[in-house]
Amino acid sequence: MLRLQKMQYAYNKNREEVPEPIKADVQGSLPAWLQGTLLRNGPGVFSVGETSYNHWFDGMALLHSFTFKEGEVYYRSKYLRGDTYKCNMEANRIVVSEMGTMAYPDPCKNIFSKAFTYLSHTIPDFTDNCVTNIIKYGEDYYATSETNYIRKIDPYTLETQEKVDYMKYVTVNLITSHPHYDKQGNTYNMGTSIADKGKTRYTIFKVPPKADDSAKKKLCLKNLEVVCSIPCRSLLNPSYYHSFGMTDNYIIFIEQPFKLDILKMATAYFRGVNWASCLKFDADDNTLIHLIDRRTQKPVPTKFYTDALVVYHHVNAYEEDGHVVCDIIAYKDSSLYDMFYLANLQEPLKNNKLSSKPSCRRFVLPLQSEKDAAIGNDLVKLKSTTATAVKEKEGSLFCHPEILCEGAELPRINYDFNGKKHRYVYITGVELTPVPTVVMKFDVDTRQMLEWKEDNCWPSELVFVPSPNAIEEDDGVVLSVVVCPDPNKAAFLLVLDAKTFKEIARASVDVDMHIDMHGYFIPPCPQE
Ligand SMILES: CC1=C(/C=C/C(C)=C/C=C/C(C)=C/C=C/C=C(C)/C=C/C=C(C)/C=C/C2=C(C)CCCC2(C)C)C(C)(C)CCC1
Ligand SMILES: [Fe+2]
């Protein structure tokens, strides 16, 4: 009984914002160099008036920040006050549809009602409930989900600023909330344009930082450049994807058989079903891995296939001796999305299960096509891996991954190693349930796992912060926001030494904090 009580957690409870900074109670010793702000994003409001969302990913965004300043930590949180938030609050009910919840606005009162323009006038304008992550374009920070709208935010006050429409700069209807960044300050992202001029495409784009101070007021998205567009394997069934990989010379995009059915989507509004019901995993199909050469801005000619899988998060990718190595967290099917329906997140959580544990898989893509190689030959020449890429009849390669570890999600690395060979992955341990009880440091070379866990503690995605003048990959700290299902225990920001994975400090706040999704660490602002 006691054990069951401990596991209780109200995934669907609305959480209050804490708009003014509160000082956390710091235990342990924070490194003096640790200054800056950890921004986190995730759902915080699940019902408005008498109406409720169906899915946890639909909840209205609540932004959180933890600011490290002179040995102290300050916490605050604010709802993202976008059009979605305002319209829902004004109507005192949910009037804007989300992926898992179809809503029916009152045509006289709602700004979303005028825009019945998309997909043959069949569905209303889209949500700007940017609940998934924080993206940096130039010097600007945006809250994002995966629609064409992102919301600029003030990363220090968490104030909601202008709404930006990707469609003004590039034709994309769905865009990932996991971009990549390079050392020059460029941001790379990709999106799908659905049935535009008779074509469905995946488009990779680059957003350079602002050129100079005179351009300060201009949004850097105005300088967006398309890197490459890839036709979708099927006009009416584009693949859903949540992230992609990037090395110095390549972009890796996994076209998985977890697909949107555009025809079903176009009628979903009238059929009274949510958009998520138009998303289907086809276990009998295969997965196509695209490798795009950043220098030529074209896909490489070789086709890389693998078995049907579902991936949300890429871990990292890098080049090694004529191969591209790409690590991802993959599933056998799409049961993760179902697990997060709020009806399934009712107690007891232990009965709500994934069909299998997510696994960290390493794919190795040989860059030399070896025209003369015989069919059936494995073209992977790296000694360090058991991953294979076997030549098939039409010259394509069929890839079998190496399983690096199992039961892990929300991967993060030291981002200075993005695109380079990395050794450590910071991950959340997942048994089959939506109960995150452990965070881990995974050493890819030795397969050793270091763990942090504590009774009644649910840690969030880890974020690595390098120490100044760091030499080794794990010189720094990792941060996690820990919520406590036990109401007598306060939530806290956990600071672990990235090398030893031992706790060095925690900053507790007496706040009814909700589990979040993703975060971004901002080093101190120069004028501070
Ligand atoms: C479709 C479509 C649309 C819509 C869209 C939308 C509305 C979207 C949204 C989206 C979204 C919004 C998304 C999100 C996603 C997310 C994800 C994918 C996540 C993941 C997660 C995970 C992985 C988890 C994990 C965890 C936790 C958190 C805790 C517990 C434990 C674990 C670890 C499990 C439109 C109209 C435009 C049109 C076209 C089509
Ligand atoms: Fe994500």
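Reading the values: rules and limits
- Every residue gets a number counted from 1 within its own chain, in the order that chain's sequence is written.
- Going through the entries in the order they are written, you letter the chains from A and number the ligands from 1.
- Note on the predicted model: pLDDT of at least 70 is required for a residue's local features to be given, and 80 or more for side-chain atom pairs to be given and counted; whole-chain, interface and lining totals, by contrast, use all residues.
- With hydrogens and water set aside, each side-chain value is computed from the structure's full complement of heavy atoms.
- UniProt positions are given in the numbering used here, feature names are shortened, and annotations may be inferred rather than shown by experiment.
- Strands are runs of DSSP state E lasting at least two residues, helices are runs of H or I lasting at least four, and both sets are numbered from the N terminus onward.
- The globule rule used here is 2.2 Å times the number of residues to the 0.38 power, and the radius of gyration it is set against is calculated over C-alpha atoms.
- Relative accessibility decides the category of a residue: with a 1.4 Å probe and only protein chains considered, values under 20% of the type maximum give buried, values over 50% give exposed, and everything between is partly exposed.
- Here, residues are in contact when the closest pair of their heavy atoms is within 4.5 Å.
- Neither His nor the chain ends is counted toward charge; the positive residues are Lys and Arg and the negative residues Asp and Glu.
- Each charge is placed at NZ for Lys, CZ for Arg, CG for Asp and CD for Glu.
- In these notes, residues near a molecule or strand are those with any non-hydrogen atom within 4 Å of it.
- Surface exposure here means Shrake-Rupley accessible area, sampled with a 1.4 Å probe, where a residue is shielded only by the protein chains that are shown.
- Residues were grouped as follows: Ala, Val, Leu, Ile, Met, Phe, Trp, Tyr, Cys and Pro as nonpolar; Asp, Glu, Lys and Arg as charged; and all remaining residues, including Gly, as polar.
- Classification of ring pairs rests on two measures: the distance between centres of Phe, Tyr or Trp rings, Trp counted by its six-membered ring, which must be within 6.5 Å, and the angle between planes, read as stacked under 30 degrees, edge-to-face over 60 and tilted in between.
- Two strands are said to pair when DSSP picks up at least two bridges between them.
- In this analysis an axis means a line fitted to C-alpha atoms, helices contributing only their contacting stretch, and an angle means the value between N-to-C directions, from 0 to 180 degrees.
- Cavities and pockets were defined on a 1 Å grid built from protein atoms only: a cavity is a group of points that admits a 1.4 Å probe but offers it no way out, a pocket is an open group of points flanked by protein on both sides within 12 Å along at least five of seven lines, and a lining residue is one with an atom within 4 Å of any such point.
- Grid points are joined across faces, edges and corners, and a volume is the space filled by probe spheres set on the points.
- For this analysis, a salt bridge means a side-chain nitrogen from Lys or Arg found within 4 Å of a carboxyl oxygen belonging to Asp or Glu.
- Water is not among the atoms examined, so metal sites may look incomplete; donors are the N, O and S atoms within 2.8 Å of the metal, or within 3.2 Å for Na, K and Ca.
- The disulfide definition used here is simple: a pair of cysteine sulfur atoms within 2.5 Å.

The name an unreviewed UniProt entry gives the chain is Beta,beta-carotene 15,15'-dioxygenase isoform X1, with Acipenser oxyrinchus oxyrinchus as the organism. Database annotation for the chain, UniProt heading Sequence similarities (unreviewed entry): "Belongs to the carotenoid oxygenase family."

Caption draft 1: Summary view of the overall build of the chain. Within the chain one finds five helices and 39 strands. At 23 Å, the chain has a C-alpha radius of gyration in line with the 24 Å of a compact globule built from 528 residues. Its C-alpha atoms put the chain at 65 × 60 × 60 Å along the principal axes. Here the chain holds 528 residues, and 60% of them are scored as buried. Considering only contacts in the chain between residues 6 or more positions apart, those separated by 24 or more positions represent 61%. Put simply, the chain has 60 plus and 68 minus side-chain charges, and the middle of one group is 3 Å from the middle of the other.

Caption draft 2: Expanded view of the site of ligand 1. Around ligand 1 lies a shell of 25 residues, among which Phe-57, Phe-126, Met-265, Tyr-312 and Glu-409 are the nearest. Notes on ligand 1: free accessible area 950 Å², of which the protein chains cover 98%. If you list the elements that add at least two residues to the shell around ligand 1, you get β24 (310–320) and β30 (408–412). Residue classes in the shell around ligand 1 are distributed as 16 nonpolar, seven polar and two charged.

Caption draft 3: Main features of the packing of aromatic side chains. Under the defined criterion, the tally for this structure stands at 31 aromatic pairs. Aromatic pair Tyr-137 and Tyr-166: ring centres 6.3 Å apart, planes at 85°, arrangement edge-to-face. On the criterion of sequence distance, the pair formed by Tyr-137 in strand β8 (residues 133–137) and Tyr-166 in the loop between β11 (160–165) and β12 (174–175) is long-range, its members being 29 residues apart. Taking relative accessible area as the criterion, Tyr-166 reaches 1% and is therefore assigned buried.

Caption draft 4: The sheet that holds strand β10 (residues 149–153), seen in detail. Overall, antiparallel pairing links the four strands, which are arranged β8-β9-β10-β11 in an open sheet. In this open sheet, the two strands that pair with only one neighbour each are β8 and β11. Averaged over all adjacent pairs, the angle separating strand axes in this sheet is 35°, with direction ignored. Pairing of strand β9 (residues 140–144) with β10, which is carried by four bridges, proceeds in the antiparallel orientation. Bridge pairing in β10 links Ala-143 to Arg-151.

Caption draft 5: Quick look at the layout of surface pockets. Here the largest pocket defines a volume of roughly 1300 Å³. Residue lining of the largest pocket: 50 residues in total, with Tyr-181, Arg-412, Tyr-415, Asp-416 and Tyr-520 positioned closest to the centre. If you list the elements that add at least two residues to the lining of the largest pocket, you get β8, β13 (180–181), β24, β30, β35 (463–466) and β39 (518–522). Residues that form the lining of the largest pocket fall into these classes: 22 nonpolar, 18 polar and ten charged.

Caption draft 6: Structural view of empty space enclosed by the protein. Under the criterion given, the structure shown has two cavities of 30 Å³ or more. Taken as a whole, the second largest cavity spans an internal volume of roughly 70 Å³. Along the walls of the second largest cavity sit Glu-146, Leu-174, Ile-175, Thr-176, Thr-192, Ser-239, Tyr-240 and Tyr-241, which together make up its complete lining. Of the residues that constitute the lining of the second largest cavity, the class distribution is four nonpolar, three polar and one charged.

Caption draft 7: Spotlight on the pattern of salt bridges. Taken as a whole, this structure holds 31 salt bridges when the rule is applied. Taking the shortest distance from any N to any O, the salt bridge between Lys-163 and Asp-83 comes out at 2.7 Å. Taken together, the residues Lys-163 in strand β11 and Asp-83 in helix α2 (residues 83–91) connect sequence positions 80 residues apart. The salt bridge partner of Asp-475 is Lys-499, with a shortest N-O separation of 3.2 Å. Taken as a pair, Asp-475 in the loop between β35 and β36 (476–483) and Lys-499 in the loop between β37 (491–497) and β38 (503–509) lie far apart in primary sequence, 24 residues in all. By relative accessible area, Asp-475 is classed as buried at 18%. Salt bridges here are not isolated pairs; linked through shared partners, they connect Lys-441, Glu-472, Asp-474, Asp-475 and Lys-499.

Caption draft 8: Representation of the coordination of the iron ion (ligand 2). Around the iron ion (ligand 2), the protein contributes the donor atoms His-178 (NE2), His-242 (NE2), His-313 (NE2) and His-518 (NE2), at 2.1 Å from the metal centre. Each donor residue of the iron ion (ligand 2) lies on one chain, and together they are spaced H-x63-H-x70-H-x204-H. Taken as a pair, His-178 in the loop between β12 and β13 and His-518 in strand β39 lie far apart in primary sequence, 340 residues in all. For the residue pair His-178 and His-518, the accessibility class agrees, reading buried in each case.

Caption draft 9: Main features of α2. Turning to α2, its buried residues are Asp-83, Thr-84, Tyr-85, Cys-87 and Asn-88. On its buried face, α2 sits against β4 (47–48), β6 (60–69), β7 (72–79), β10 and β11. Backbone geometry just downstream of α2 places Asn-92 in the positive-phi region, at approximately 55°.

Caption draft 10: Representation of unusual backbone geometry within the structure. Backbone geometry places Glu-70, a non-glycine residue, at a positive phi of 45°. Mapped onto the fold, Glu-70 is located in the loop between β6 and β7. In this structure, Asp-321 is a non-glycine residue whose phi angle is positive, near 45°. By the element assignment, Asp-321 lies in the loop between β24 and β25 (323–331). Here Asp-321 falls in the exposed class, since its relative accessible area comes to 67%.

Caption draft 11: Examining the state of the cysteines more closely. All told, the structure shown has zero disulfides when counted by the stated rule. Free of any disulfide, Cys-228 has its nearest cysteine sulfur in Cys-232, 14 Å distant. Residue classification places Cys-228 among the buried positions, given a relative accessible area of 4%. On the basis of relative accessibility, which here comes to 11%, the residue Cys-232 falls in the buried class.

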